[in-house]
Each structure stands twice: as structure tokens, then as C-alpha cells.
Amino acid sequence: MVHLFLGVLVRRTWQGQDNIPVGGALVVSNHLSNFDVPATGEFLIWSGRWPRYLGKSEIWKVPVVGWFARECRQIPVVRHSEQAKDSLVHARAALEAGECVAIFPEGTITADPDGWPMTGRLGAARLALTTGAPVIPVCQVGTDALLGRKKLEFRRLFSMRRRPVAVQAGPPVDLSAFPVGDDPSREDVERATIVIMDAMTEVVAQLRGEPAPEGRWDMRAGGRVPQ
């Protein structure tokens, strides 16, 4: 039903589904719009994986959406609190049980004015280095045409034309330079985060058909900074 509904809204282009593995896998995605979850979620489901997304806990308070998140066993993140670490415990357990966990490493919709991935937060890399799960970049372009970016624009959903949305899975991120263990060093986690964000940016560049800009947008600096 959802697949049919999304087909009314978008013209899909999917690539790289053969890069989605069986077993525990950590999917990392760029965050362009509030429409990213249905776009990448549909891609993953039709690739044979049911994703468990880490999402901000505020979503669980939204009528209908919150119910859907609970029923689909998504993982809430209580941001800016000590409880935020609890979500990583649940995500790690899911990965070790062979499930597919999906996360937006930027932590929020990108503030880059040109829509490129920003600097990443450390949760995805920490999960990768504590579990050894393969990290698969699954990125999208075009989703902002349906709901806008940071500001929700529901009116866009009622356009009479289907909008092109492209989703692509890249090969597993090469994190072989980093040891896997229960307590990775902060330096390793920070370096692995840069490697993950570089891999995601490369997939976005392929989708957009253009090179990524120098540096990466950092919300704290209010501009692009070297990596």
C-alpha cells in the first residue's frame, strides 16, 4: 500500500541494491528532508531488509507517526541528554542480532545551503567500531522537493506531478584501519566519522553528477570547514 502511494508522489531511480548485505548492517544516510525516511526505507525494504531507524524522540509524540514508529520497532533518541546513549545500546543489540539499523549521522536535516552532507556526529562510527558491522552508505537526492528541507512544506505533496527521487547504496565503508572493540578511542571514533561522511558525500556526488565542494558544513562554525 505504501509502495503504491509513494509511486503516486515520486519517480524512483534506485541503484546499488546489490550492496545491501544480509546479517547485521549499519545503514548511514544523508539527511536532506523529512521525506528521507520513506524514501530510503522503501529502498531498503525492497532490497530485502527491514530497517530500524534511530530518530529523535519527539517523533514518538506525534499522533499517528508516533504509533507507526512504535509498531515498526524504530529506536528513539532523546537528544541532548544522558539518555541519548541508551539508543546506541538498543541499536548495538539489534546489529548483533543480525538486524538492519539505519541512522542519519548528521543528526538533523542538513544546514548546508547547497544540500550537501554536513559534519557527522559520532554515534554511527561508535556503533561500527564496537560491533564490526558493515557500514553501508544509502543516500538520496530529490526528497526535498516533496516536503522541503528543515521547514515542513506539506503543500508540496499535493503537486500534480511526480517528483524524481534517486536512492543509491554504495559499497561498504572501508574501516579496516580501525580496531573493533568495546571501548574505541575518541580519536578513532572521530577519524572513522570523517571516513563515513566522506563515503556518504561520494555517493551524493555520484547521484548529483557533480563534485562535492571543498570542506564540509559545520553548524557550530556556520560554514564549511576542512576535514
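Residues numbered from 1 in each chain as written. Predicted model: local features only at pLDDT ≥ 70, side-chain atom pairs only at ≥ 80, totals over all residues. Heavy atoms only, no water.

**Focus on the overall build of the protein**
- When helices and strands are tallied, the protein shows seven helices and nine strands.
- For the protein, the proportion of its 227 residues judged to be buried stands at 47%.
- For the protein, contacts bridging at least 24 residues in sequence account for 72% of all contacts bridging at least 6. (Helix = DSSP H or I, 4+ residues; strand = E, 2+ residues; numbered from the N terminus. Buried < 20%, exposed > 50% of the residue type's maximum accessible area, 1.4 Å probe, protein only. Contact = heavy atoms within 4.5 Å.)

**Comments concerning the confidence of the model for the protein**
- Residue-level pLDDT values for the protein average 85, and 78% of them are 70 or greater.
- Taken together, the stretch residues 62-72 has pLDDT below 50 and engages in eight contacts with residues farther than four places along the chain or on a different chain. (pLDDT = per-residue confidence, 0-100.)

**Observations concerning helix H2 (residues 36-45)**
- The element H2 is extensively covered by neighbouring structure, given that seven of its 10 residues are classed as buried.
- Among the residues making up H2, those that are buried are Asp-36, Ala-39, Thr-40, Gly-41, Glu-42, Phe-43 and Leu-44.

**Some thoughts on the pattern of salt bridges**
- By the definition in use, this model includes 11 salt bridges.
- Arg-186 is paired through a salt bridge with Glu-190; the nearest N and O atoms lie 2.9 Å apart. Highlighted residues: Arg-186 and Glu-190, both in helix H7 (residues 186-208), separated by four residues, approximately one helical turn.
- Its relative accessible area of 53% is what places Arg-186 among the exposed residues.
- Judged by its relative accessible area of 35%, Glu-190 falls in the partly exposed class.
- Where salt bridges share partners, they join Arg-92, Glu-96 and Asp-182 into one cluster. (Salt bridge = Lys/Arg side-chain N within 4 Å of Asp/Glu carboxyl O.)

**So, the environment of Ser-29**
- With respect to the helices, strands and loops of the structure, Ser-29 is situated in the loop between strand E2 (25-28) and H2.
- Residue classification places Ser-29 among the buried positions, given a relative accessible area of 1%.
- When the C-alpha positions of Ser-29 and Val-138 are compared, they lie 5.1 Å apart, and in sequence the two are 109 residues distant.
- Ignoring anything within four residues of it in the chain, the contact list for Ser-29 reads Thr-40, Ile-103, Phe-104, Pro-105, Glu-106, Val-138, Gln-140 and Met-200.

**Quick look at the pairing of E2**
- Where burial is concerned, the two faces of E2 agree: the one with Ala-25 and Val-27 and the one with Leu-26 and Val-28 are both buried.
- Looking at chain direction, E2 and strand E5 (residues 100-103) are connected through four bridges and run parallel. Bridge pairing in E5 places Ala-25 opposite Cys-100.
- Two elements, E2 and strand E6 (residues 135-141), share three bridges in a ladder whose sense is parallel. The residue of E6 that forms the bridge with Val-28 is Pro-137. (Pairing = 2+ DSSP bridges.)

**Looking at the nonpolar core**
- By size, the foremost hydrophobic cluster in this structure holds 32 residues, and its most contacted members are Leu-26, Val-28, Val-101, Val-135, Leu-175 and Ile-196.
- For this core, the elements supplying multiple residues, two or more each, are E2, helix H4 (84-96), E5, helix H5 (123-131), E6 and H7.
- Ranked by residues supplied to this core, first place goes to H7 with 10 residues.
- Discounting chain neighbours no more than four positions away, the residues touching Val-135 are Leu-26, Val-28, Ala-128, Pro-171, Pro-172, Val-173, Leu-175 and Ile-196.
- Formed by 19 residues, the second largest nonpolar core is a distinct cluster that contains Val-27, Cys-100, Ile-136 and Leu-147. (Core = buried A, V, L, I, M, F, W, Y, C linked by side-chain atoms within 4.5 Å.)

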